[in-house]
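Letter by letter, the chains look like this.
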Amino acid sequence: MATTARSFWCVFSLGLLLNSFALAEEETHQERIERLRRELEAAEKVASEEAEKKATSEISDVEIPIDALVVVSSERSEGSGFIAEIRGRSFFVTNIHVLGAARGATFKNIPGRDLALSPIAFLSKHRDIAIVPIFWDGPSLKISSLLDFQEIEIGNAVTVMGNSSGARVATRLSGDIRGIGPDEIEVSAKFVPGNSGSPIVHDELGVVVGVASYMRDLSSKSKWTEDSELADIRRFGYRIDGEIEWERVSLEDLYEQGAVYNKFEDRTKVMQDISYMMENESTLMTGYRDHETLGYLFKDINSDFSWNRGTSSASNVILLRKLIDRMLNELQSDLTATDRTLTLNFYRKSYLEMASSREQIIRSLRRFREARLE
């Protein structure tokens, strides 16, 4: 574009100079200025039209076959997936965290056709990607064989299509590539929960370069990041190109480990919230009274308990001690069983990170008890 513009302006300038010599004796100074102004405006208009035409021709309205897009839906969760051909075979592709939570879920493509999944899945050992062999006679998406930096670059346009917000319809989201790493790709397309497992399609090449996977909330700024140009919410997918190390697992085993981990994660987050609200003396703490496995923690936190009196109330102190003792027991109770059950790389890694956060909760509760209740 820059070379074309320079050539145009050189030709225009030469023509302008020749015309000026030919007409110099016939025009007044004012007439010559007016003529040059009109010719300059005409040249700028032509250049602008050429630039717009070139920019328009570079925009690819990528066609994504809706038959290859899949909605994963159950009472507990919603997710996305797609059908792709990998090494000559048809596979259903999604995130491990989507498939692991999909016991009893339906797998339907957008026109409403049910997918019959093989009882065996293959999980990436280092990326949140799962593939399941299927028998398929319909259209499928093309997978990028390699993220060649001469072809796929930061700034390239991409499209994400999937089950946004669990609405069970395919929503088209446009954006561009913001970052590329060894295993991941960052995009500006504003996908949301429910889009996990959606394909990230390179508009110009029409191939899948990644699987939409997670978001990071970076809205809390420090003095080092307050002037950052990066978005507060950043969105990432896992690359699906290159050499991926796979582990084979039965869907039944995956569902079992997914259920165990999701329960462990839920319980950990609830106790984390309770610990935080306890330290901040918040009545919202009792909002978990009806929790399936942790509701019993609040059986003594009745109408006699009030944060208005805080820890200056002897009655409050007794009730809080009981609550903390129960929480400390709960924080330890399912560690051994969960540790023994989770053997798959994805859940094993996530479990170890979550177990570390439990250690932080335990230390926090003990500090609160020592500082406020003893």
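About the criteria used
Residues numbered from 1 in each chain as written. Predicted model: local features only at pLDDT ≥ 70, side-chain atom pairs only at ≥ 80, totals over all residues. Heavy atoms only, no water. Pairing = 2+ DSSP bridges. Helix = DSSP H or I, 4+ residues; strand = E, 2+ residues; numbered from the N terminus. Core = buried A, V, L, I, M, F, W, Y, C linked by side-chain atoms within 4.5 Å. Buried < 20%, exposed > 50% of the residue type's maximum accessible area, 1.4 Å probe, protein only. Axes fitted to C-alpha atoms, helices over the stretch in contact; angles between N-to-C directions. Parallel < 35°, antiparallel > 145°, perpendicular 65-115°, else oblique. Left-handed = near helix turned anticlockwise from the far one by under 90°. Nonpolar A, V, L, I, M, F, W, Y, C, P; charged D, E, K, R; others polar. Salt bridge = Lys/Arg side-chain N within 4 Å of Asp/Glu carboxyl O.

(A) Summary view of the pairing of strand S8 (residues 171-180). Sheet topology note: the strand S7 (residues 157-162)/S8 ladder contains 6 bridges and is antiparallel. Across the sheet, Val160 pairs through a bridge with Leu173, a residue of S8. With 3 bridges joining them, S8 and strand S9 (residues 184-187) adopt antiparallel strand pairing. Bridging across to S9, Ile180 finds its partner in Ile185. A loop of 3 residues connects S8 with S9, the two strands running antiparallel in sequence.

(B) Representation of the nonpolar core in the model. One finds Phe82, Phe92, Val93, Leu99, Phe107 and Leu254 to be the most contacted residues of the largest nonpolar core, which totals 47 residues. Tallying contributions element by element places helix H4 (residues 251-279) first for this core, with 5 residues.

(C) Region of interest: the packing of H4 against helix H7 (residues 345-372). For the pair H4 and H7, the least separation of the axes is 10 Å and the interaxial angle reads 25°. The angle between H4 and H7 places the two elements in the roughly parallel class. In the packing of H4 onto H7, the handedness of the crossing is left-handed. In terms of residue class, the contact of H4 with H7 is made up of 12 nonpolar, 8 polar and 5 charged.

(D) Broad picture of the environment of Ala337. In this fold, Ala337 is placed in helix H6 (residues 335-341). A relative accessible area of 35% places Ala337 in the partly exposed class. For the pair Ala337 and Val260, spaced 77 residues apart in the sequence, the C-alpha separation amounts to 9.3 Å.

(E) Structural view of the pattern of salt bridges. A full pass over the atoms with the stated rule returns 17 salt bridges. As a salt-bridge pair, Asp137 and Arg113 come within 2.9 Å of each other at their nearest N and O atoms. With a gap of 24 residues between them, Asp137 in the loop between strand S6 (130-133) and S7 and Arg113 in the loop between strand S4 (106-109) and strand S5 (120-124) connect regions that are remote in the sequence. Where Arg178 meets Asp176, a salt bridge forms, and the shortest distance between an N and an O atom there is 2.9 Å. Judged by relative accessible area, which is 24%, Asp176 ranks as partly exposed. Linked by salt bridges that have partners in common, Arg267, Glu330, Asp334 and Arg358 make up one network.

Function-wise, these values are silent; they only describe arrangement.
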